[in-house]
Protein chains: 2
Amino acid sequence: MELREEIVQIAAKAKKASRDLSSLGSSAKDGALESIAGALVDEADRIKTANDKDLEAAEKNGLSAAMIDRLRLTPERVKAMADGLLEIVALPDPVGEVTRMWTRPNGLRIGRMRIPLGVIGIIFESRPNVTVDAAGLCLKSGNAVILRGGSEAINSNKVLGDIMIEKATAAGVPEGAVQVIPTTDRAAVDFLLEQEDYIDVIIPRGGEALIRKVVERSRIPVLKHYKGVCHVYVDADANPKKAREICMNAKLQRTGVCNAMETMLVHVGIAEDFLAMIVPAMLEQGVELRGCEITRDFQPQVKPAVEDDWSAEYLDKILAVRVVEDLDMAIDHIRRYGSDHTDAIVTENYTIAQRFIREVDSSSVMVNASTRFSDGFQYGLGAEIGISTTRLHAYGPMGLEELTTTKFIVHGDGQIRES
Amino acid sequence: MELREEIVQIAAKAKKASRDLSSLGSSAKDGALESIAGALVDEADRIKTANDKDLEAAEKNGLSAAMIDRLRLTPERVKAMADGLLEIVALPDPVGEVTRMWTRPNGLRIGRMRIPLGVIGIIFESRPNVTVDAAGLCLKSGNAVILRGGSEAINSNKVLGDIMIEKATAAGVPEGAVQVIPTTDRAAVDFLLEQEDYIDVIIPRGGEALIRKVVERSRIPVLKHYKGVCHVYVDADANPKKAREICMNAKLQRTGVCNAMETMLVHVGIAEDFLAMIVPAMLEQGVELRGCEITRDFQPQVKPAVEDDWSAEYLDKILAVRVVEDLDMAIDHIRRYGSDHTDAIVTENYTIAQRFIREVDSSSVMVNASTRFSDGFQYGLGAEIGISTTRLHAYGPMGLEELTTTKFIVHGDGQIRES
């Protein structure tokens, strides 16, 4: 069979499955997730055999040690995947929730009921644990899922898919609800992105290059975030101790993540004192600082920043620093160079805090907290399928609710329309 | 200036305006809308002169009488546009609403705040009143708008745009918040649909051909509905009087609209009696009936339906009729041939009603009510910018809220992340 035809069949099968899946009860879905969690642990050997094949190929192909590490499924990592599924079981089922209901003058009762989006395509890079996480979230929210992982993890992903499909089907989940694209042929992604009649949304997970490629080629809507250029703005009325702790945490608690601070903005009124404290502290932790001229006037050991630094997502121990004249200049900087991910202010000034919250329209806006909290689990959403920095449908961390939409339900008693 | 460059500048200007517009207060926005409403009435002559040019051209180009009528701006229609704006003034401003707020164990307070989508592109056909309606809804919800109407209404649209822009700017709305594409060149639409860096969403309003063209070419997400193939399913346990009234209303109260019934499904257990009542009543009203074989066994004067009838959006006094064996067959029919617009059941049976509500995932699902109620005004949303039959972002009638998204807001007291 031709590859395009094969992909069309996978997509059509998912669409068909999504219809029955959408009204499958919570207990059936949770039962399937528990059964899969058990099987992942029980079938550790089968998973290891497949994963070893991927690891061998990776070494033969000269992948970096870091990439090989991400690819490796240790027993601990398999256990963590299984535990992740059990956490999803514990979350409330969003499907069927009536979020609002109101009565019209003619007696009609109108409500909005949550329903699944339908069919979700996930396109991701090397970590095979995404296969299980994403399938778990889609299944719980009543969506059929088509998974396409990186070619270097194809054997691992296939066996994880097989285990999930076996157990899900045995638990009463419709066939086709979970599918893994079984080939590493790159054309499969292009064909997948053409199936707008069957697939409702694409969620790419990986680096900026992957996401740009998906967006360019997709005829299906894409929920995405390109990068996180997160700011902390230390206001003139900041509590210096809070500011220091938040900045150190936002930059250093983990550097290679999208919600780490990449640029620190400092109000000129507090700059001399605050920079005298934070610059040595950052340098001591091995952070390379790149600052504007005023920053360097106060702290000459800071390297000069160039224009590109203001929009850089370093994902590393590097920090851009700029002194600003006031809140307006800080907000202008964030709007111009930011990525709509997460931006924070440190201030004790009520009015300034309110203005920052209102006027910065990034997907997460914070007062007196570390940008590192921008995360579905930290927000209490219970899970995260990804982060969106575009405004349509979802903006910010996406949990189970963001995998649903609402339909209108109307309860009448024979009402007809007069005009 | 080249056309492409001109469109890029319009889009960039809209983006810039959207930033200030997003935090503009309700009183400024409402003041602008009131001022525009007043000016529309005051400048009736200026509008008439422009509209006459369009009408002359339309006659010269041999447009149909119906199209010319839709194009005509009578004093009553101008007054209706102005009144429409005043109704938008009376609606609550969705921007800034905190829809939920909760506290995390570490004391962080997390909330979701409504913000505008940003820049909205509206592409529509002949009726020039859409220019004012759509601009009013976008302005109220804090979105910049770019309007592109049909070429036959270019003079009317331009003068309506000029009046709105003059009054809005005078009332403090940022320049660029409302713009009308000033050319009838078809390439302008193509260029507009490329501006994904500046435009957040496209809403096409018009026939299926227009919408398909927009979807095919757009790199920007499109909120759309293709057509309304709406069903009423008369269950075995229907109250015959309610069923008759609902079916007559859904088919006949207005026929050329997307929420009119196009196919009637009748349970076999009630078919003989119900068809004996409804068929003569429909025929008497001049409705052409096209039925399945069983329908024709009961009522031989019904014409035979062919396969295409089940998916037809007649927008006319024509009705497809099918007898089904049970609820499952009715739901299967709706899933297969429906358009995810609006589907209703008539029944007194509680369990059947609940199943229909739960298992039919059209954007509006009704029990014992006419499909004609599927409308933003009828639902009490206060306004309607259109209807979406795709599930991402909005599903069903779209009001002001659907022109917004939510950002996460986080109030802290110096919290940092430990792990």
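Residues numbered from 1 in each chain as written. Chains lettered and ligands numbered in written order. Predicted model: local features only at pLDDT ≥ 70, side-chain atom pairs only at ≥ 80, totals over all residues. Heavy atoms only, no water.

Asker: I would appreciate a short explanation of the packing of aromatic side chains in the present structure.
Answerer: Given two aromatic rings, one states the distance between the centres and the angle between the planes to describe the pair. Taken as a whole and assessed by the stated rule, the structure comprises 2 aromatic pairs over all chains. For the ring pair Phe-408 of chain A and Tyr-379 of chain B, a centre distance of 4.9 Å and an interplane angle of 35° mean the geometry is tilted. Taken together, the residues span two chains, with Phe-408 of chain A in strand β16 (residues 404-415) and Tyr-379 of chain B in the loop between β13 (364-369) and β14 (386-388). Here the two residues Phe-408 of chain A and Tyr-379 of chain B agree in accessibility, since each one is buried. Lying across the ring of Tyr-226 of chain A, Arg-212 of chain A places its NZ or CZ 3.9 Å from the centre. Sitting above the plane of the Trp-310 of chain B ring, Arg-322 of chain B keeps its charged end 5.6 Å from the centroid. (Phe/Tyr/Trp six-rings, centres within 6.5 Å; stacked < 30°, edge-to-face > 60°. Helix = DSSP H or I, 4+ residues; strand = E, 2+ residues; numbered from the N terminus. Buried < 20%, exposed > 50% of the residue type's maximum accessible area, 1.4 Å probe, protein only. Lys NZ or Arg CZ within 6 Å of the ring centre and 35° of its normal.)

Asker: Can you help me understand helix α2 (residues 26-42) of chain B in this one?
Answerer: Three- or four-residue spacings in an α-helix give side chains the same orientation, since the helix completes a turn every 3.6 residues. Residues and elements named next belong to chain B. In a regular helix each residue adds 1.5 Å, so 17 residues correspond to 24 Å; α2 covers 24 Å between its end C-alpha atoms and thus fits that length. Those residues of α2 not exposed but buried are Lys-29, Asp-30, Ala-32, Leu-33, Ile-36, Ala-37, Ala-39 and Leu-40. Looking at the buried positions of α2, the neighbouring elements they touch are α3 (44-60), α5 (75-90), α6 (129-140) and α7 (154-170). (Expected span 1.5 Å × (residues − 1). Contact = heavy atoms within 4.5 Å.)

Asker: Can you help me understand the relation of the copies chain B and chain A in this one?
Answerer: These two copies of the chain differ by a rotation about an axis and a displacement along the same axis. Relative to chain A, chain B is turned by 180° and slid 0.0 Å along the rotation axis, the superposed coordinates differing by an RMSD of 0.0 Å. Overall, the copies show the geometry of a two-fold rotation axis. Residue His-393 of chain B of chain B places its C-alpha closer to the rotation axis than any other residue of that unit, at 1.9 Å. Interface overlap between copies is the fraction of interface residues in one copy that are interface residues in the other; for chain B against chain A it reaches 100%, indicating a shared surface. (Least-squares fit on C-alpha atoms with pLDDT ≥ 70 in both.)

Asker: What exactly am I supposed to notice about the pairing of strand β9 (residues 288-291) of chain B here?
Answerer: Side chains on a regular strand alternate between the two faces of the sheet. Residues and elements named next belong to chain B. Here β9 shows a clear split, with Leu-289 and Gly-291 buried on one side and none of Glu-288 and Arg-290 buried on the other. Taken together, the 4 bridges between β9 and strand β11 (residues 318-324) define a ladder with parallel strand orientation. Directly across from Arg-290, in β11, lies its bridge partner Ala-320. Since β9 and strand β10 (residues 303-304) lie parallel, the crossover through helix α12 (residues 293-298) that links them has a hand, and here it is right-handed. (Pairing = 2+ DSSP bridges. Right-handed = clockwise from strand over helix to strand, strands pointing away.)

Asker: Would you mind going over the sheet that holds strand β5 (residues 178-180) of chain A with me for this structure?
Answerer: In a beta sheet, neighbouring strands pair by backbone hydrogen bonds and run either parallel or antiparallel. Residues and elements named next belong to chain A. Taken in spatial order, the 4 strands line up as β5-β4-β3-β6 in an open sheet, and their pairing is parallel. Only two strands of the sheet have a single neighbouring strand rather than two, namely β5 and β6 (201-205). Pairwise comparison of adjacent strand axes, ignoring direction, gives a mean angle of 20° for this sheet. As defined by bridge partners, strand β4 (residues 144-148) adjoins β5 across 3 bridges and the pair is classed as parallel. Opposite Leu-147, over in β5, you have Val-180 as the bridge partner. Here helix α1 (residues 3-21) sits on the sheet in contact with β3 (119-124), β4 and β5, set at roughly 145° to β4. (Axes fitted to C-alpha atoms, helices over the stretch in contact; angles between N-to-C directions.)

Asker: Honestly, the side chain of Thr-371 of chain A in this entry has me stumped. Any pointers?
Answerer: Residues and elements named next belong to chain A. Looking at the secondary structure, you find Thr-371 in the loop between β13 (364-369) and β14 (386-388). Judged by relative accessible area, which is 0%, Thr-371 ranks as buried. The contacts of Thr-371, once residues within four sequence positions are left out, are Cys-230, His-231, Val-232, Ala-250, Asn-259, Ala-260, Met-261, Thr-342, Ala-344 and Met-366.

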